[in-house]
Amino acid sequence: MHGRPRKALQEEDAAASAAKAEKLRSLQAQFLANHHNRTYSKEALDVSTKLLEVNPECYTAWNYRKLAVQHLLSNSDPDPHSIFHDELKLVESALRKNFKSYGAWHHRKWVLSKGHSSIDNEMRLLNGFQKADPRNFHAWNYRRFVAELMKRSDEDELKYTEEVIGANFSNYSAWHNRSVLLSNLLKRKAEGYFPKEKVLEEEFEHVHNAIFTDPDDQSGWFYHLWLIDQTVKTDAPLLVSSWPSHRSNITLIMDNGLHGCGLSLLNGTLSDTGTLPIILYFNQAVEGINTSTVTIESELLKEELVWKPLSMNKSNTAHVWVVYLNLGNMELQPSKTYYVEINIGHSKGIVSSNGNHYGAPSQISFKVVVQTAYTEPTEGHGGKRTTWKDTNFQKIDHFQESDSIVTADQNDLIPTTSNWCTEEIVEEITKFRDLLSEYDCKIGKLTLARLLTALDMLSSQHDGRKSNTEEVLQLYIDLMKLDPTHSLYYKDEHSLISLNWITSTRDSLLPYCHYYEDATETITGYVCLRLQNLSLSRMGSIENLLWVQMLDLSHNELRSIEGLEAMQLLSCLNLSHNKFGSFTALGPLRLLKSLKVLNISYNELGFHSIDTTRYLSSSPVVHTEEFAWDRFEILTGSINATKFWEAFLIFGSLALTELNITGNAVADENFRSFLVKVLPTLKWLDDEEIS
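Here goes a summary of the coordinates provided.

What counts, and where the lines are drawn
Residues numbered from 1 in each chain as written. Predicted model: local features only at pLDDT ≥ 70, side-chain atom pairs only at ≥ 80, totals over all residues. Heavy atoms only, no water. Helix = DSSP H or I, 4+ residues; strand = E, 2+ residues; numbered from the N terminus. Contact = heavy atoms within 4.5 Å. Areas by Shrake-Rupley, 256 points an atom, 1.4 Å probe, with all protein chains shown as cover. Core = buried A, V, L, I, M, F, W, Y, C linked by side-chain atoms within 4.5 Å. Buried < 20%, exposed > 50% of the residue type's maximum accessible area, 1.4 Å probe, protein only. Expected span 1.5 Å × (residues − 1). Phe/Tyr/Trp six-rings, centres within 6.5 Å; stacked < 30°, edge-to-face > 60°. Patch = residues over 30% accessible without salt bridge, like charges linked within 9 Å, V, L, I, M, F, W, Y side chains within 5 Å. Salt bridge = Lys/Arg side-chain N within 4 Å of Asp/Glu carboxyl O. Pairing = 2+ DSSP bridges.

What follows is about the overall build of the protein chain. Broken down by element type, the protein chain carries 19 helices and 19 strands. The contacts of the protein chain with a sequence gap of at least 6 include a subset with a gap of at least 24, amounting to 68%. Carbon and sulfur atoms make up 49% of the accessible area of the protein chain, which amounts to about 33,900 Å² in all.

In this section: the nonpolar core. Among soluble globular proteins, nonpolar side chains are generally buried collectively. Core analysis: the biggest nonpolar cluster contains 96 residues, and Phe651 and Leu659 have the highest contact counts within it. If sequence neighbours within four positions are ignored, Leu659 has contacts with Leu598, Ile600, Phe651, Leu675, Leu679, Leu682, Trp684, Leu685 and Asp686. Residues Leu181, Ala210, Ile429 and Tyr490 belong to the second largest nonpolar core, which totals 49 residues.

As a further point, take the environment of Ile165. With respect to the helices and strands, Ile165 occurs in helix α8 (residues 154-167). Judged by its relative accessible area of 5%, Ile165 falls in the buried class. Spatially, the C-alpha atoms of Ile165 and Gly220 are 9.8 Å apart, while their sequence positions differ by 55 residues. Setting aside chain neighbours within four positions, we find Ile165 in contact with Ala174, Trp175, Arg178 and His206.

So, about helix α5 (residues 102-113). For α5, with twelve residues, the first-to-last C-alpha span of 17 Å sits near the 16 Å given by 1.5 Å per residue. Those residues of α5 that fall on the buried side of the exposure criterion are Gly103, Ala104, Trp105, His107, Arg108, Trp110, Val111 and Leu112. Its buried side turned inward, α5 meets α3 (59-74), α4 (80-97), α6 (122-132) and α7 (137-149). Immediately downstream of α5, the backbone of Gly115 shows phi near 80°, a positive value.

The next point concerns helix α12 (residues 419-438). In a regular helix each residue adds 1.5 Å, so 20 residues correspond to 28 Å; α12 covers 30 Å between its end C-alpha atoms and thus fits that length. All buried positions along α12 are accounted for by Trp420, Cys421, Thr422, Glu424, Ile425, Glu428, Ile429, Phe432, Leu435 and Leu436. Tucked into the core, α12 has its buried residues touching α10 (196-213), α11 (219-232) and α13 (442-458).

Right, let's get into the packing of aromatic side chains. A full pass over the atoms with the stated rule returns 24 aromatic pairs. On the basis of an interplanar angle of 35° and a centroid distance of 5.4 Å, the ring pair of Tyr40 and Tyr64 is categorised as tilted. Of the two residues, Tyr40 is situated in the loop between α1 (11-36) and α2 (42-54) and Tyr64 in helix α3; the sequence distance between them amounts to 24 residues. The interplanar angle of 35° and the centroid separation of 4.9 Å between the aromatic rings of Trp175 and Tyr223 together place this pair among those described as tilted.

Residues Tyr59, Tyr102 and Phe137 make up a contiguous nonpolar surface patch of about 320 Å² in total accessible area. In this fold, Tyr59 is placed in helix α3. The partly exposed category is assigned to Tyr59, whose relative accessible area is 41%.

With respect to topology, nine strands assemble into an open sheet ordered β11-β12-β13-β14-β15-β16-β17-β18-β19, the strand pairing being mixed. Edge strands, defined here as strands with exactly one partner in the open sheet, are β11 (393-395) and β19 (688-689). Sheet analysis places strand β16 (residues 597-599) next to strand β17 (residues 658-660), joined by three bridges and oriented parallel. By the bridge assignment, Val597 is partnered in β17 with Glu658.

Written as structure tokens, this is what we have:
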């Protein structure tokens, strides 16, 4: 059992254990010899049987049995029924030895999937095993497999979970199975399970019996969390943000590049390619974004467009999609306004990863205004280097009406929700406040924080309801003290709530927006969003930051920048004084084609040889991305560059002009020399000009 200390073995127990280990080694040696020689005789199979009865966790032996079965079936006049019956008997024997053997359960699935065995006995066997251990998730997974083979209805299985929960509600696996079954029933609107609101109301009452009977048992709490998610989420994917935003104005400067209006200007980083990005941000990962499902009408459209998913795993599904209008070769007329209209989802084809179709066809329109002007080169483009000192920033007093910064309260794309959702969440909040007034428990505080967050999300349609942000932040601070084991999770949630509040309105965002150096509220204004010194451990609310071009995230506690790839306008980024432990944590930078200035000084790069959360081996051979070996070897030359390949993956596709890596363990002379070769566009490295 978990948490129980091991007792030292008695002398006689130690001798028995040694004898058992010797027998196991002998069986393993015989088995491996048979496996190596591809021997599938009766004697060889008996050896594997004995081995698996002693050690059901020997996965190689289960794979050997599969090969043996295939060999026996290939013989003349085989008896499939008898062959597979022997396999089922072996699995049952192994499961009685170890009910939690992954290999045994997988082998039984494999046997049944061949179609030569009766499944009539499986439910009887499962019921016996589940009486012995009702919470074993292997058995529940197998039960779902068998129920599908038997074409047993979800309704019947739901009744079974209710019986199991009724006998003992401290059964996470049963609650989980209930969520799987209800998801299926709700999705196909089965009789008795529609409307969704009625079903969820009954489920809330059902789980309350478990939670309020024993608040310390976590099984019901997790099911309650699933119910919250079902209450607030929309099944169909929705567009929640875009850049340019609806009804915004973009100004194109004729002399040297693209500039946005007011504070959301596009600086010269985009003029290098002469492209204007269009970004669509969905609340779920979707596929099917193409010129058929998303149409663009404009005089600026002169060639075929290709939509690309902004995904770190090369998936065809993504929350964020981007396309680039190529304006570099067009003869644009001064003082002329060009109109762009985008229609999303008017033709079917946009589908979420769980199979739901895009449910709310929408339209985005914006203007591109052409002006003639001369702009001085901006920082990071051949002039002075970019500096991040406070003296270089001027606080903004107020926003102009023409500014195209879009905060959450101005987002026309936020979907409306039914009154029932809000009323149900409010009712749950009342119940859990009552519970916490009598019984103080950490999971109760966590649930209250989630409920209050859900209420704020549902109330974003400007109904005048007061935000619960301060209370939620305090709850997570309390939880960090009450439950230090999970403090990193609570800190992440605290960060997400903080960022959501900062980006929720223009008033809340204003204190964090600054002009860079001498910029004024004119066409040459250069704005930085300064989110430094906020103890942020995780990035969020990216859908509200698509307009940002200069971002200061220094002096935080970030270990990852997941989601930052959506910020396609970003050209200057300060990540100094954080906790990045490897270059793989900076992976989203590879998709920021406009990035010119990057400060990653004083992190932990090089202190850890590899990001062990992602890789088992510190080699590009195991990396999922294509690796340009030839270029890598030419750049590294005679340098022992095994520690450089991750940096090459990040920086090899960028065109940085400024980079600061000071204060990292990796930042020695060899690495600096390597960076200069990888980044031929680099003009400043570690605050020193490259000659």
